[in-house]
Amino acid sequence: MTELPSQRIMVARRTPAAIRVDAQNSAPWWQSAEPVRFNSDWKGENHDRDLETEVRVLWSAEMLYLRFVCRYQTVFVFDDSESNGRRDHLWDRDVAEAFLQPPDSIRPGDPAARSYKEFEVAPNGMWIDLDISPSGLADLSSGMSRSVHINEKGKIWTAELAIPIQSLTRNFDPNMPWRANFYRVEGNAEPRRYMAWQPTHTPEPNFHVPESFGVLRFSD
């Protein structure tokens, strides 16, 4: 892989034990994971530290863990979902999002590498996971678990996700980097805030631009 600027690289740290996701009382191992932070829009413009998002990633042979710490100004969420918290069109409300592209997720006949997995979580814990391909989107049914906590005084909401590795890749090799991007959406009316770790630079907000993804590397 061509050497990339450090700001385009996210490092996932290996955790020595399984983690019970708990957004209010986070496991100490999260401190070993180097964070990435972003507070600009999908064009890399309009920085706003009051909307900063911090992302950390941990991994084991069985699980990928994501932790979002989101500064917010308002909270705009759905008040209905499936019984397990899943909600279609979750992106129409406030969310944190992860787009993950393991090497073997790129399918034959997909030269543009437009196949990847999408995970979203809302401040109230609603979620959706999707399998994205050139033919459209489908439910991933990853078996993801999650925990969310809102600190109203500090205006920060935190989400932790645990995603089974087997739902992401059939042949996990931590020596092989993945491609990934992380996003936030906030606001109850347009123009909403569409924020990205790696800007997509599209004329209108669009997160489905895999050629703009950064790199997720795995480290002990």
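Residues numbered from 1 in each chain as written. Predicted model: local features only at pLDDT ≥ 70, side-chain atom pairs only at ≥ 80, totals over all residues. Heavy atoms only, no water.

### What about the pairing of strand S8 (residues 136-139)?
(1) Moving on: Note: strand S7 (residues 127-133) against S8, four bridges, orientation antiparallel. What sits directly across from Asp131, in S8, is Ala138.
(2) Moving on: With antiparallel pairing between neighbouring strands as the criterion, S7 and S8 make up a hairpin whose turn holds two residues. (Pairing = 2+ DSSP bridges. Helix = DSSP H or I, 4+ residues; strand = E, 2+ residues; numbered from the N terminus.)

### Brief notes about the nonpolar core
(1) Moving on: Core analysis: the biggest nonpolar cluster contains 35 residues, and Leu64, Leu66, Phe68, Phe182 and Leu216 have the highest contact counts within it.
(2) Moving on: Once residues within four sequence positions are removed from consideration, Phe182 is found in contact with Met10, Phe38, Val55, Val57, Leu66, Phe68, Glu97, Ala98, Met195, Ala196 and Trp197. (Core = buried A, V, L, I, M, F, W, Y, C linked by side-chain atoms within 4.5 Å. Buried < 20%, exposed > 50% of the residue type's maximum accessible area, 1.4 Å probe, protein only. Contact = heavy atoms within 4.5 Å.)

### Quick notes on the side chain of Ser167
(1) Moving on: Note that Ser167 resides in the loop between strand S10 (156-164) and strand S11 (178-186).
(2) Moving on: Looking at Ser167, its side chain comes within polar contact range of the main-chain oxygen of Pro164, at 2.7 Å.
(3) Moving on: Contact partners of Ser167, with chain neighbours within four places excluded, come to Lys117, Leu140 and Ser142. (Polar contact = N/O pair within 3.5 Å; in protein donor to acceptor, adjacent residues only side chain to side chain.)

### Describing the side chain of Thr15
(1) Moving on: You can see Thr15 is positioned in the loop between strand S1 (9-14) and strand S2 (36-38).
(2) Moving on: Filtering out sequence-adjacent residues up to four positions away, Thr15 remains in contact with Trp29, Trp59, Ser60 and Tyr65.

### Some remarks on the pairing of S10
(1) Moving on: The element S10 is extensively covered by neighbouring structure, given that eight of its nine residues are classed as buried.
(2) Moving on: Here strand S4 (residues 63-71) runs beside S10; their pairing, made up of nine bridges, is antiparallel. Counted as the bridge partner of Cys70 is Trp157 from S10.
(3) Moving on: In terms of strand pairing, strand S9 (residues 145-151) meets S10 through seven bridges, oriented antiparallel. Bridged to Val148 within S10 is Ala159.
(4) Moving on: Hairpin geometry of S9 and S10 is characterised by an intervening segment of four residues between the two adjacent antiparallel strands and by a positive phi of about 55 degrees at Lys155.

### Here's the deal with the packing of aromatic side chains
(1) Moving on: Following the criterion strictly, the structure yields 14 aromatic pairs and no others.
(2) Moving on: Ring geometry for Phe99 versus Phe213: centroids 6.3 Å apart, planes at 80 degrees, classification edge-to-face. Of this pair, Phe99 sits in strand S5 (residues 95-101) while Phe213 sits in the loop between strand S12 (193-196) and strand S13 (214-219); the two residues are 114 residues apart in sequence, bridging distant segments of the chain. Neither Phe99 nor Phe213 differs from the other in exposure class; each is buried.
(3) Moving on: The interplanar angle of 75 degrees and the centroid separation of 5.4 Å between the aromatic rings of Tyr116 and Phe213 together place this pair among those described as edge-to-face. Here Phe213 lies in the loop between S12 and S13 and Tyr116 lies in strand S6 (residues 116-121), a separation of 97 residues in the sequence.
(4) Moving on: Among the residues examined, Tyr116 registers a relative accessible area of 3% and is labelled buried.
(5) Moving on: Joined through ring pairs, the aromatic side chains of Trp42, Phe99, Tyr116, Tyr183, Tyr194, Phe207 and Phe213 make up one cluster.
(6) Moving on: Over the ring of Phe78 we find Arg87, and its NZ or CZ is 3.6 Å from the ring centre.
(7) Moving on: Above the plane of the ring of Phe78 lies Arg93, whose end atom (NZ or CZ) is 4.1 Å from the centre. (Phe/Tyr/Trp six-rings, centres within 6.5 Å; stacked < 30°, edge-to-face > 60°. Lys NZ or Arg CZ within 6 Å of the ring centre and 35° of its normal.)

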